[in-house]
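# A structural walkthrough
Residue-level listing of the chains:
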Amino acid sequence: MDTGFDRLDAAGFLQIWQHFDADDNGYIEGKELDEFFRHMMKKLSPKEKITEEKVKRLKQRFMSAYDVTADGKLQIQELANMILPEDENFLLVFRREAPLDNSVDFMKIWRKYDVDCSGYISAQELKAFLEDLFKMHHKQVSPTKLEEYTDTMMKIFDKNKDGRLDLNDMARILALEENFLIQFQMDASSKEERKRDFEKIFNHYDVSKNGTLEGVEVDGFVKDMMGLVRPDMTAPELDKLRVIMLRHCDVNKDGKIQRNELALCLGIKP
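Residues numbered from 1 in each chain as written. Predicted model: local features only at pLDDT ≥ 70, side-chain atom pairs only at ≥ 80, totals over all residues. Heavy atoms only, no water.

An unreviewed UniProt entry lists the chain under the name Secretagogin, from Gouania willdenowi. The UniProt entry for the chain carries the following comment under Subcellular location (unreviewed entry): "Cytoplasm". (UniProt positions renumbered as here; feature names shortened; annotations may be inferred.)

Structure (structure tokens):
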């Protein structure tokens, strides 16, 4: 389909998208769609008169071709795959994969690329992340392009514009799914329900399935546990809370949290 969007690059596309997808849920719908297409037409054809009929026609063309589920929503990857050339679709490679559903996996990535353990991802560290990502997807990217992509990512996801990414910025890039612990209300459950919920929780964070939480498994649990009350927690804050949790829960002082230790810490009795 000829859309006339050939002048749009990935950075411009994502900046426009984020303006309309304010809650970062990956799609826009309803009246937002009309505003989205109107804005796109104004940006790409500033001298052309934009009429409601033209907006409606463009919207219908897009939706009939790409709203496969007929739910009246446009997903970010559907639109990007149609509008952007392959070499400008790099920002959405994260969204094409299944989003991370475990904070342990997220923290594993965070620890790997926060090389200096500063609690933030610098531009240089972000570049290393992108370089590895492209290699994983077998994409050849020149050093110049890699610098350009890194700069674009920093501009888009660095919300407070301090030249580095915090824990929450990185979670947005990696499309980390909703906090796993939100579904549980252990203080409002019966004893049997609390024990059942505890097993689900422990098994979720015990990614290695060895009966203990250690390393990034503890990180992931602390991130989600504290995220229930402090969703904007920073990595330095997480590190402090991790130390506190180990102090209270790691009874045998082996640097790990055994199943029975976490149960005791959470007030779950056998």
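Back to the write-up after that little detour.
### Points about the environment of Leu165
Structurally, the position occupied by Leu165 is in the loop between α8 (143-157) and α9 (167-173). Classification of Leu165 by relative accessible area gives buried; the value is 0%. Considering only alpha carbons, one finds Leu165 and Tyr120, 45 residues apart in sequence, at a separation of 5.6 Å. If we skip the residues at most four places from it in the chain, Leu165 touches Trp110, Tyr120, Ile121, Leu126, Met154, Phe157, Asp158, Met170 and Ile173. (Helix = DSSP H or I, 4+ residues; strand = E, 2+ residues; numbered from the N terminus. Buried < 20%, exposed > 50% of the residue type's maximum accessible area, 1.4 Å probe, protein only. Contact = heavy atoms within 4.5 Å.)

### Some words on the packing of helix α6 (residues 103-113) against helix α7 (residues 123-136)
One way to put it is that α6 packs onto α7 with a least axis distance of 9 Å and a crossing angle of 120°. Viewed along their axes, α6 and α7 adopt a mutual orientation that is oblique. Seen from α6, the contacting residues are Ile109, Lys112 and Tyr113; seen from α7, they are Glu125, Ala128, Phe129 and Asp132. In the contact of α6 with α7, the residues fall into four nonpolar, no polar and three charged. (Axes fitted to C-alpha atoms, helices over the stretch in contact; angles between N-to-C directions. Parallel < 35°, antiparallel > 145°, perpendicular 65-115°, else oblique. Nonpolar A, V, L, I, M, F, W, Y, C, P; charged D, E, K, R; others polar.)

### Looking at α7
Over its 14 residues, α7 extends 20 Å from the first C-alpha to the last, a length consistent with the 20 Å expected when each residue adds 1.5 Å. Listed as buried for α7 are Glu125, Leu126, Lys127, Phe129, Leu130, Leu133 and Phe134. Phi for His138, located one or two positions after α7, is positive at around 55°. (Expected span 1.5 Å × (residues − 1).)

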